[in-house]
Amino acid sequence: MEPGVIKIGHGTLIHGDASTVLESFPEQHFQLIIADPPYFQVLVDEAWDNTWPSPEAYLEWSLQWVRACKRVLKPDGLFYIFGQLGKREHVWLHLCSLLTKEMQFHDMIIWDRAVGYNERYDSFTSQYEMILVLRASEQATPFFNKDAVRVPYDEKTIQMYLKDKRYKDPVARAAHLEKGKYATNILRVPSLKGQSREKIGHPSQKPIALIQQLIASSSRPGDLVLDPFLGSGTTAAAAEASGRAWVGIETNEDYLGIAQSRIASVVADLGLF
Ligand SMILES: C[S@@+](CC[C@H](N)C(=O)[O-])C[C@H]1O[C@@H](n2cnc3c(N)ncnc32)[C@H](O)[C@@H]1O
């Protein structure tokens, strides 16, 4: 095995720069790409979020890795990109504009973090991040399984609908309600608190329940999922637990170590965190 490459479970951890590493993969190789890149000067204490001298340099760098991902995405695949507006920075708006000229816009998801992050007093408290969704081309029909991410109705709503006289067949109606409703593109998943068992030492760690919804809806069991900015390994752990194959790329060896032990725990059936 090459140095910096670790095979574990149904996936591969790779130490290196995303754009460079992706050159070694064939075209149209991945069904799903989940990218949570550096935001650019949102996390002021993290060196990896502050390496570009200007927004323009960050946009130029972003275009490089997005093109590298575009090359390896299957024609019916989806490409999710996390982004956030900081108090100081709004380069994400420019990035969205740039990337939707490069690839086909598919959707914009709001990740509602459920709890506000109170870093400013001159506006509303910030409570969401965005996930830009791109597909290969305008003609592409991406794979998407809406049934895999249904949300259960609460008991009160079920009882209310069952009393509605317009529905002639109560058995069919009950079976329909039992399946739950389709998830909207506002995904409400609480962000990780310091004391959460899931929180394991990455300042931008995403909740596994959020990533699981992207994987469940946008890939089939056995499909190959890529995360070019793996961080603490959330995508890899979620993919492994969901029976998908995966590849995770990360420049920071400490984060790769965290990811490796997380995935080892999933492989050993010790739990998902
Ligand atoms: C926003 S974090 C990802 C967090 C991850 N989603 C999680 O749940 O832990 C971005 C990550 O990208 C890594 N990174 C920065 N530049 C990179 C590059 N050129 N190639 C690969 N990884 C990079 C950083 O070290 C950081 O861990």
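**Q** When you look at the nonpolar core in this model, what are you seeing that I'm missing?
**A** One recurring pattern in soluble globular proteins is that nonpolar side chains are buried together. Residues I33, C69, F79, Y80 and V225 are the most contacted members of the largest nonpolar core, which totals 57 residues. A total of six residues in this core trace back to one element, the largest contributor, which is strand β4 (residues 73-83). Each residue touching Y80, except ones within four places of it in the same chain, is listed here: I33, I34, A35, I131, V133 and L214.

**Q** Whenever I open this one, the packing of helix α7 (residues 234-241) against helix α8 (residues 253-267) confuses me. Can you help?
**A** When two helices pack together, you describe them by how their axes are tilted relative to each other and by the distance separating the axes. One can describe the packing of α7 onto α8 by two numbers: an axis separation of 9 Å at closest approach and a directional angle of 15 degrees. In terms of axis orientation, α7 runs roughly parallel to α8. Regarding α7 and α8, the two cross each other, and that crossing is right-handed. Mapping the contact onto sequence places A236, A237, E240 and A241 in α7 and A259, R262, I263, V266 and V267 in α8. Along the lines of polarity and charge, the residues of the contact of α7 with α8 split into seven nonpolar, no polar and two charged.

**Q** What's the story with the domain arrangement of the protein chain in this structure? I'm lost.
**A** Put simply, an interface is often sized by how much accessible area is lost when its parts join up. When the domains of the protein chain are assigned, the result is domain 1 (5-143 + 184-267) and domain 2 (145-183). For domain 1 versus domain 2, the separation of C-alpha centres amounts to 33 Å. Taken together, the five residues of domain 1 in the interface contact five residues of domain 2. Among the elements that line the side of domain 1 that touches domain 2, the one with the most residues is helix α6 (residues 208-218), at three residues. Its residues placed into classes, the side of domain 1 that touches domain 2 shows two nonpolar, three polar and no charged.

**Q** Got a minute to help me understand the sheet that holds strand β11 (residues 245-250) in this structure?
**A** Note: strands within a sheet are paired through backbone hydrogen bonds, in either parallel or antiparallel orientation. Strand order in the open sheet formed by nine strands is β1-β2-β11-β10-β3-β4-β6-β5-β9, with mixed pairing between adjacent strands. Because the sheet does not close on itself, it has two edges, and the strands there are β1 (5-8) and β9 (186-188). If you compare each strand with its neighbour and ignore which way they point, the axes differ by 20 degrees on average. As paired strands, strand β10 (residues 224-227) and β11 are joined by four bridges and run parallel to one another. By the bridge assignment for β11, D227 is matched with G248. Helix α2 (residues 55-72) rests against β3 (30-35), β4 and β10 of the sheet, and its axis sits at about 150 degrees to β4.

**Q** Would you explain the environment of A239 in this entry?
**A** Tracing the backbone through its elements, the reader meets A239 in helix α7. Its 31 C-beta neighbours within 10 Å are what place A239 among the buried residues. For the pair A239 and P170, spaced 69 residues apart in sequence, the C-alpha to C-alpha distance is 38 Å. Other than its neighbours up to four places away in sequence, A239 contacts G11, I215, V225, R244 and W246.

Quick notes on the rules
Residues numbered from 1 in each chain as written. Predicted model: local features only at pLDDT ≥ 70, side-chain atom pairs only at ≥ 80, totals over all residues. Core = buried A, V, L, I, M, F, W, Y, C linked by C-beta atoms within 7 Å. Buried ≥ 20, exposed ≤ 12 C-beta atoms within 10 Å, placed from the backbone. Helix = DSSP H or I, 4+ residues; strand = E, 2+ residues; numbered from the N terminus. Contact = placed C-beta atoms within 7 Å. Axes fitted to C-alpha atoms, helices over the stretch in contact; angles between N-to-C directions. Parallel < 35°, antiparallel > 145°, perpendicular 65-115°, else oblique. Left-handed = near helix turned anticlockwise from the far one by under 90°. Nonpolar A, V, L, I, M, F, W, Y, C, P; charged D, E, K, R; others polar. Domains from an automatic or database assignment. Pairing = 2+ DSSP bridges.

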